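In case you want the letters, here they are:
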Amino acid sequence: LRLHDNPLYSSVGIVSAENNADTGIDFAVPSLSVYIFNDKHFTPRPSTCNPTIWDAVTTGPHAARLLIEAVTDLRKSIHARGGELLIRTGDPVDILPKLARQVGATEIRWSEEPGIYE
């Protein structure tokens, strides 16, 4: 979760920010950054070894701590450039369309993790 090598920030800018030659980010195209903590990644699910026991989670406590630190650092980086990182929890399928309507977005871009179980 870094600005300098994130493909999304190589072609769009941050709302209220000025062009910054140091980052290579084109601030001519305004954008609003959003990070959504998906509830299903933190909700217990059946164990692979024993499907009758719901004791497994996709993101455990240690990974969650690292993720929170990374999102906090990303938010600070965006703030330093005059932008904002909205942080939400829930299902992105529900949250993003509502947020897009609220802000009048004409386009939604996202980044995906190539794999979630590494």
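Residues numbered from 1 in each chain as written. Predicted model: local features only at pLDDT ≥ 70, side-chain atom pairs only at ≥ 80, totals over all residues. Heavy atoms only, no water.

Visitor: Is there a simple way to explain the overall build of the chain in this structure?
Guide: Regarding its fold elements, the chain presents two helices and two strands. Across the chain, helices and strands are ordered from the amino to the carboxyl terminus as β-α-β-α. Looking at the chain as a whole, 27% of its 118 residues qualify as buried. Sequence separation of at least 24 residues holds for 50% of the intrachain contacts in the chain that already meet a minimum separation of 6. Carbon and sulfur atoms make up 55% of the accessible area of the chain, which amounts to about 8,400 Å² in all. (Helix = DSSP H or I, 4+ residues; strand = E, 2+ residues; numbered from the N terminus. Buried < 20%, exposed > 50% of the residue type's maximum accessible area, 1.4 Å probe, protein only. Contact = heavy atoms within 4.5 Å. Areas by Shrake-Rupley, 256 points an atom, 1.4 Å probe, with all protein chains shown as cover.)

Visitor: Could you clarify how one ought to interpret the pairing of strand β2 (residues 85-89) in this entry?
Guide: In summary, the side chains of a regular strand alternate between the two faces of the sheet. Strand direction decides the pairing type here: strand β1 (residues 33-37) and β2, joined by five bridges, are parallel. If you follow Tyr35 over to β2, its bridge partner there is Ile87. In the classification by handedness, the crossover that spans β1, the intervening helix α1 (residues 61-80) and the parallel β2 is right-handed. (Pairing = 2+ DSSP bridges. Right-handed = clockwise from strand over helix to strand, strands pointing away.)

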